[in-house]
Amino acid sequence: MDIKIKTLSFSAAAPPLAVIAASKLAGFSPSIDTSLPPDSAPTFLFSDGSKLPGAFVLLRHIGRTATLPNFYGQNAFQASQIDVLLEYAPVLSSGPAFENGCKYIDDYLEKRTFLVGYSLSIADLAIWAGLAGAGKRWESLRKSKKYQNLARWYNSIVAEHGTALNEVTATYIGKKGVGEPSATKPKDQPVVKDKVKNVNGDVSDNIKGGGKPSAEIDLPAAEVGKVRLRFAPEPSGYLHIGHSKAALLNKYFAERYQGQVILRFDDTNPAKESNEFVDNLIKDVETLGVKYERITYTSDYFPELMELAEKLISKGRAYVDDTPREQMQKERMDGIESQCRNHSVEENLKLWKEMIAGSERGLQCCVRGKLDMQDPNKSLRDPVYYRCNPMPHHRIGSKYKVYPTYDFACPFVDAHEGITHALRSSEYHDRNAQYYRIQADMGVTRVLIYEFSRLNMVYTLLSKRKLLWFVQNEKVESWDDPRFPTVQGIVRRGLKIEALIQFIVEQGASKNLNLMEWDKLWTINKKIIDPVCPRHTAVIADRRVLLTLTDGPEKSFVRIIPRHKKYEAAGNKATTYTKRIWIDYADAESVSAGEEVTLMDWGNAVVKEVEKDQDGNVTGLSGVLHLEGSVKTTKLKLTWLPELDELVSLTLMEFDYLITKKKLEEGEDFTDVLNPCTKKETLAYGDSNMRNLKRGEVLQLERKGYFRCDVPFVRPSKPIVLFAIPDGRQQTSLK
């Protein structure tokens, strides 16, 4: 009987591009069913009613049954080479690892026309699908000269098999997950209408109810190819989630209008800044996937800014003021002019020279712009342009004793660097008039300010001054502490950048102030990690209980089972079955004598006896296997570990918020609401497969939640450290 593929079923959210393309090239024409749930594996339904699940299983089946020459290799060795590449292909679906994957394949193809042998194979289609599925991220790399071997190979594949491959990309990438051909767009259309590319190069479907993406917003007076933006953090701390919104919106508009982003360090305050912060801000920006044209520093323009300040003093548009700071602040609030405001140009220039020299007299002074002390907008009441500071600068040492303020430097540098649109938080709205007035006095090109709302998170401090307090007072380990809202902190805790970009893009550039819940962000993260992260088992060390199966195996045996039942790329793990097994005390306490339970990844068992001490604490269980029992009938599904020396020691770390109040009121001292308990350690034992975990790997401990490996296995005496990843459910106190 000739058994044929009848139907290819898959989730509309995850079309298996390689399988679809291989079917077309092989001449198979199964009907397409896109109704499977989001987490389902693609499946073949055959004419005899049998089924075959798993993307690479389906690819191998096509490779074995197609009439195409050497589609699954010419011999067993080539088939094995293909298997290796199929296992590697999922790397291209991981945002952070995408370019590493490109480099690996590029090197691999240095002296090859095809990945395996001398003709097209299913390995070629698996790698093609990973690249094609990356959308604009791959297209940008393809046009560059960064991975020439990979681009040559890709172009060759598309040139030879373009009809079939282009049909697949047009249908399943244009509107990924819809299963319908995408609408054709004019070649000069710059705006991505039906998808928003996230920070790691993946495509996030943000269409709800047939509407357009929530982040699809226009930049006023923007011209395609002429937009020039800047992301300008001060190097006085690490990048945090609030900064991420600004960085990613700059990235979004640059991509939308085919423009550029400059990464500029606003390094005008040597008392707060350091090279450590510069290096880590660069790292954080690259982690977010922001592609910048170049790096600049405000300090690059110190000579021009000093010359400009002197010019404004000479023209009577600025003056030197020695009013004490507190008095000056009060006078600005009350609209009272400084006694220094009407000093002569000569007197001002004389004091300016004292400031430049950093003399005792100069240290008493500052330069203020002569704007309008009666303006209702207090930012226009003669703002400070320059201050003395004898501290050495982290880049240029002790060359200068005077430094421009951000309010003075930014309008000039924005104009000088050709910035067309300056994105900044709406909390600085009142300073917009000041920005434009200063640019007018300077006689430079006007730059358009575009506002967006500041991102505020519940129970979270985003002031770098306050975050520095936690570091300096050793309330946290460092700036990458998993309790910190820094990019490095939340990534270390287990947040995927894909989740952060989706979270921020969904907000768009709204100007409405909002206080966001962390739960929403962690829920998005769970949807990303759950379908792919491997499953492992752990038992809490404290009061763990032995369950003796009287009819269990006299000699232990091992089975190889998947680390994730629905995601074959997660690989396999070895599970040992023994007569005596460990279970959590909480589970042992909830079992009754005579109750049938399910031992996960084994089968059912009936607990015959529950042993307790004189205080009523469970000390042991005994029972018999009942493997023919139905899993559906049991109330308790228990995780367990074999009684073996090979188990690994674990430290499970849970974290809580650093403060106990959702939002601080104006003027409220954050030290009054410090959370006394922000970290909890639990000792546990894990299955022996966890020795192979790598730092940064995300996994699920069955029935315990999601974790990120922070310290991998080093030696038996040192535990593996796993950080608990919130799953979006309301966080509970660790007390």
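Source: prediction; values computed, not measured. (Residues numbered from 1 in each chain as written. Predicted model: local features only at pLDDT ≥ 70, side-chain atom pairs only at ≥ 80, totals over all residues. Heavy atoms only, no water.)

## Comments concerning the packing of aromatic side chains
All chains considered together, the criterion is met by 29 aromatic pairs. Ring geometry for Trp469 and Phe670: centres 5.2 Å apart, planes at 85°, overall edge-to-face. Note that Trp469 is positioned in helix H15 (residues 464-472) and Phe670 in the loop between strand E29 (648-655) and strand E30 (679-686), a separation of 201 residues in sequence. By relative accessible area, Trp469 is classed as partly exposed at 23%. Of the residues examined, Phe670 reaches a relative accessible area of 7% and is grouped as buried. Ring centres of Phe470 and Phe484 lie 6.4 Å apart, and the angle between their planes is 80°; on these two criteria the pair is classed as edge-to-face. Here Phe470, found in helix H15, pairs with Phe484, found in the loop between H15 and helix H16 (487-493); they are 14 residues apart in sequence, far enough to count as distant. Both residues of the pair, Phe470 and Phe484, belong to the buried class. The rings of Tyr238, Phe277, Trp469, Phe470, Trp479, Phe484 and Phe670 are connected pair by pair, giving a single aromatic cluster. (Phe/Tyr/Trp six-rings, centres within 6.5 Å; stacked < 30°, edge-to-face > 60°. Helix = DSSP H or I, 4+ residues; strand = E, 2+ residues; numbered from the N terminus. Buried < 20%, exposed > 50% of the residue type's maximum accessible area, 1.4 Å probe, protein only.)

## Notes on the side chain of Arg264
Along the chain, the position of Arg264 falls in strand E8 (residues 260-265). Judged by relative accessible area, Arg264 falls into the buried class, the value being 2%. Side-chain polar atoms of Arg264 contact the side chain of Glu417, separated by 3.1 Å. With near-sequence residues (within four places) excluded, Arg264 lies in contact with Arg230, Phe231, Ala232, Pro233, Thr296, Tyr297, Thr298, Cys410, Val413, Asp414, Glu417 and Ile419. (Polar contact = N/O pair within 3.5 Å; in protein donor to acceptor, adjacent residues only side chain to side chain. Contact = heavy atoms within 4.5 Å.)

## Observations concerning the pairing of strand E10 (residues 318-321)
By the alternation rule, side chains of E10 split into Ala318 and Val320 and Tyr319 and Asp321, which are all buried. In the sheet, E10 pairs with strand E11 (residues 366-369) via 4 bridges, with the strands oriented antiparallel. Its bridge partner being in E11, Tyr319 is matched across the sheet by Arg368. (Pairing = 2+ DSSP bridges.)

## Considering helix H1 (residues 17-26)
With 9 of 10 residues buried, H1 is to be regarded as a mostly interior element. Residues Leu17, Ala18, Val19, Ile20, Ala21, Ala22, Ser23, Leu25 and Ala26 constitute the buried set of H1. Elements in contact with the buried residues of H1: strand E1 (5-11), strand E3 (43-46), helix H2 (55-65), helix H5 (122-132) and helix H7 (148-172). Just past H1, the residue Gly27 takes up positive phi, approximately 85°.

## Focus on the UniProt feature "domain: tRNA synthetases class I (E and Q) anti-codon binding" (unreviewed entry) in the protein chain
UniProt records the feature "domain: tRNA synthetases class I (E and Q) anti-codon binding" (unreviewed entry) at residues 637-710, using the numbering of this structure. For the annotated span residues 637-710, helix accounts for 0% and strand for 41% of the residues, and the straight-line distance between the end C-alpha atoms is 29 Å. (UniProt positions renumbered as here; feature names shortened; annotations may be inferred.)

## Observations regarding the domain arrangement of the protein chain
What the domain assignment reports for the protein chain is domain 1 (5-173), domain 2 (228-298 + 455-525), domain 3 (300-407), domain 4 (545-583 + 585-638) and domain 5 (648-725). Taking only C-alpha atoms, the centre of domain 2 and the centre of domain 4 are 46 Å apart. (Domains from an automatic or database assignment.)

## A word on unusual backbone geometry
Across the chain, the bulk of peptide bonds are trans and the bulk of non-glycine residues have phi less than zero. The residue Asn70 is not glycine, and still its phi comes out positive at about 55°. With respect to the helices and strands, the residue Asn70 is situated in the loop between H2 and helix H3 (76-88). On the basis of relative accessible area, Asn70 is assigned to the partly exposed category, the value being 31%. At Asp601, a position not held by glycine, the phi torsion is positive, near 65°. Here Asp601 is to be found in the loop between strand E24 (596-599) and strand E25 (603-612). A residue is classified by how much of its surface remains accessible, and Asp601, at 30% relative accessible area, is partly exposed.

## Comments concerning the pairing of strand E32 (residues 705-711)
Burial analysis of E32 places 5 of its 7 residues in the buried class, the great majority of the element. Relative to E32, strand E31 (residues 698-701) is paired through 4 bridges, and the arrangement is antiparallel. Residue pairing across strands places Val698 opposite Arg708, the latter belonging to E32. What sits between the antiparallel neighbours E31 and E32 is a turn of 3 residues, in which Arg703 has the positive phi angle 65°.

## Quick look at the sheet that holds strand E26 (residues 618-625)
Strand order in the open sheet made by the 7 strands is E27-E24-E25-E26-E20-E23-E28, with mixed pairing throughout. Edge strands, defined here as strands with exactly one partner in the open sheet, are strand E27 (637-638) and strand E28 (641-642).

## Some remarks on the nonpolar core
Of all hydrophobic cores here, the largest spans 58 residues; its most connected members are Leu115, Trp128, Leu131 and Trp153. Leave out the neighbours within four places in its chain, and Leu115 touches Leu85, Ile105, Tyr108, Leu109, Ala123, Asp124, Ile127 and Trp153. Counting 52 residues, the second largest nonpolar core, distinct from the first, contains Ala246, Met457, Ile504 and Met516. (Core = buried A, V, L, I, M, F, W, Y, C linked by side-chain atoms within 4.5 Å.)

## Examining the sheet that holds E8
Here 3 strands make up an open sheet; going across it, the order is E7-E8-E9 and the pairing parallel. Sheet topology places strand E7 (228-231) and strand E9 (294-297) at the edges, where each strand pairs with a single neighbour. The sheet shows a mean angle of 35° between the axes of neighbouring strands, taken without regard to direction. Across the face of the sheet, helix H8 (residues 241-256) comes into contact with E7 and E8 while running at roughly 165° to E7. (Axes fitted to C-alpha atoms, helices over the stretch in contact; angles between N-to-C directions.)

## Re the pattern of salt bridges
Under the definition given, this model contains 37 salt bridges. For the salt bridge of Lys661 with Glu668, the shortest nitrogen-to-oxygen distance reads 2.9 Å. On the basis of relative accessible area, Lys661 is assigned to the partly exposed category, the value being 28%. On the basis of relative accessibility, which here comes to 24%, the residue Glu668 falls in the partly exposed class. Linked by salt bridges that have partners in common, Glu477, Asp480, Arg492, Arg695, Arg708 and Asp710 make up one network. (Salt bridge = Lys/Arg side-chain N within 4 Å of Asp/Glu carboxyl O.)

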